[in-house]
Amino acid sequence: GQQVMQIPQYQHVQEGEDFTTYCNSSTTLSNIQWYKQRPGGHPVFLIQLVKSGEVKKQKRLTFQFGEAKKNSSLHITATQTTDVGTYFCAGNQAGTALIFGKGTTLSVSS
Amino acid sequence: GAGVSQSPSNKVTEKGKDVELRCDPISGHTALYWYRQSLGQGLEFLIYFQGNSAPDKSGLPSDRFSAERTGGSVSTLTIQRTQQEDSAVYLCASAIWGGYNEQFFGPGTRLTVL
């Protein structure tokens, strides 16, 4: 079945450093979504990517969808303590359920 | 309401008992998902409802787990003969349509099986 894998599982950075999490799928995806879950909270939607090679930016966050639509990345520039949480990617093939990766938990020390 | 609601927020039960968890999705959303999240772990897909189509049950871990969605709205996840390994947070999410749209998550039900 479809699998979505994320690396790294954990990442600790100093405030101001950059952070990247990577998402890989065993199959070609129709779209990929990214979510953030703060400690003690529930996942909250960040963005959706649909097109091959698509790049989208939200302030310090840059999201990329690979040319083959099988991988994606989230890059945060100059992390802040408010970036702490777990970042999940989720993808699906047409007509199938959205499957989440296991997430990357980011901790930031000031 | 404005968002997805789930009840109860917390449920403590004894091993072997049955439990029912409820999800009220956002009105008009045709897609509804159930996930399970163990402490510090990712989101484990359980079941997916899309409109009037047959649900995708491929994520249900055993036949002790079942879910219904009545009238295309409220959903109930039932766990029979609960086991300690069933302890987790059960999250419900709804979306306008299928896997192509933003999922809105409820606050979850924390299930503890003693």
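To keep things clear, this report deals only with the structure shown in the data block. Note that the structure is a prediction, hence the values are computed from the model and not measured.

**A few points about the sheet that holds strand β7 (residues 75-79) of chain B**
All names here are of chain B.
1) Next: Pairing within the open sheet is antiparallel, and its four strands lie in the order β1-β3-β7-β6. Two strands in the sheet have a free side with no partner beyond their single neighbour: β1 (5-7) and β6 (65-69). The average angle at which neighbouring strand axes cross in this sheet is 15°, direction not considered.
2) Next: With five bridges connecting them, β6 and β7 associate as antiparallel partners.

**Examining the interface of chain A and chain B**
1) Next: Facing 21 residues of chain A, the contacting portion of chain B comprises 19 residues.
2) Next: Contact with chain B buries surface across chain A, with His42(A), Ala97(A) and Phe100(A) losing the most and accounting together for 28% of the total.
3) Next: Where chain A meets chain B, there are zero salt bridges.
4) Next: Applying the counting rule to chain A against chain B returns four residue pairs in polar contact (both at pLDDT 80 or more).
5) Next: Of all elements in the fold, only β4 (31-37), β5 (44-49), β9 (85-92) and β10 (99-100) of chain A reach the threshold of two or more residues within the side of chain A that touches chain B.
6) Next: It is β4(A) that contributes the most residues to the side of chain A that touches chain B, four residues altogether.
7) Next: Broken down by class, the residue content of the side of chain A that touches chain B amounts to 10 nonpolar, 10 polar and one charged.

**Some points on the pattern of salt bridges**
1) Next: Following the criterion strictly, the structure yields five salt bridges over all chains and no others.
2) Next: For Asp83(A), the salt bridge identified is with Arg60(A), shortest N-O distance 2.9 Å. Remark: Arg60(A) occurs in the loop between β6 (55-58) and β7 (61-65) and Asp83(A) occurs in the loop between β8 (71-76) and β9; sequence separation between them is 23 residues.
3) Next: Between Arg22(B) and Asp24(B) there is a salt bridge whose closest N-O contact spans 2.7 Å.

**Examining the nonpolar core**
One broad rule of soluble globular proteins: the nonpolar side chains tend to lie buried together.
1) Next: If you look at the biggest cluster of nonpolar residues, it comprises 37 residues, and the most contacted ones within it are Trp34(A), Phe63(A), Phe100(A), Tyr33(B), Tyr35(B) and Phe105(B).
2) Next: Ranked by size, the runner-up nonpolar core spans 20 residues in total, among them Val19(B), Leu60(B), Phe65(B) and Ile79(B).

**Observations regarding the state of the cysteines**
1) Next: In total, this model carries two disulfides over all chains according to the counting rule given.
2) Next: In this model, Cys23(A) is linked to Cys89(A) through a disulfide, with the two sulfur atoms separated by 2.0 Å. Between Cys23(A) and Cys89(A) the sulfur-sulfur dihedral comes to about 75°; the bridge is accordingly right-handed. Residue Cys23(A) is located in strand β3 (residues 19-25), and its partner Cys89(A) is located in strand β9; the two are separated by 66 residues in the primary sequence.
3) Next: Overall, Cys89(A) belongs to the buried group, its relative accessible area being 0%.
4) Next: Here Cys23(B) is linked by a disulfide to Cys92(B), with a sulfur-sulfur distance of 1.8 Å. Because the sign of the S-S torsion sets the handedness, a value of about -60° for the bond joining Cys23(B) and Cys92(B) places this disulfide among the left-handed ones. In this pair, Cys23(B) is assigned in strand β3 (residues 19-24) and Cys92(B) in strand β8 (residues 88-95), connecting sequence segments 69 residues apart. Exposure class is identical for Cys23(B) and Cys92(B). Each is buried.

**A short note on the side chain of Thr78(B)**
Residue and element names in this part refer to chain B.
1) Next: Within the secondary structure, Thr78 sits in strand β7.
2) Next: A relative accessible area of 16% means that Thr78 is categorised as buried.
3) Next: Ignoring any residue separated from it by four or fewer positions in sequence, one finds Thr78 in contact with Val19, Glu20, Arg64, Phe65 and Ser66.

So, how was this worked out
Residues numbered from 1 in each chain as written. Chains lettered and ligands numbered in written order. Predicted model: local features only at pLDDT ≥ 70, side-chain atom pairs only at ≥ 80, totals over all residues. Heavy atoms only, no water. Pairing = 2+ DSSP bridges. Helix = DSSP H or I, 4+ residues; strand = E, 2+ residues; numbered from the N terminus. Axes fitted to C-alpha atoms, helices over the stretch in contact; angles between N-to-C directions. Contact = heavy atoms within 4.5 Å. Buried area = accessible area lost by both parts, 1.4 Å probe. Salt bridge = Lys/Arg side-chain N within 4 Å of Asp/Glu carboxyl O. Polar contact = N/O pair within 3.5 Å; in protein donor to acceptor, adjacent residues only side chain to side chain. Nonpolar A, V, L, I, M, F, W, Y, C, P; charged D, E, K, R; others polar. Core = buried A, V, L, I, M, F, W, Y, C linked by side-chain atoms within 4.5 Å. Buried < 20%, exposed > 50% of the residue type's maximum accessible area, 1.4 Å probe, protein only. Disulfide = S-S within 2.5 Å.

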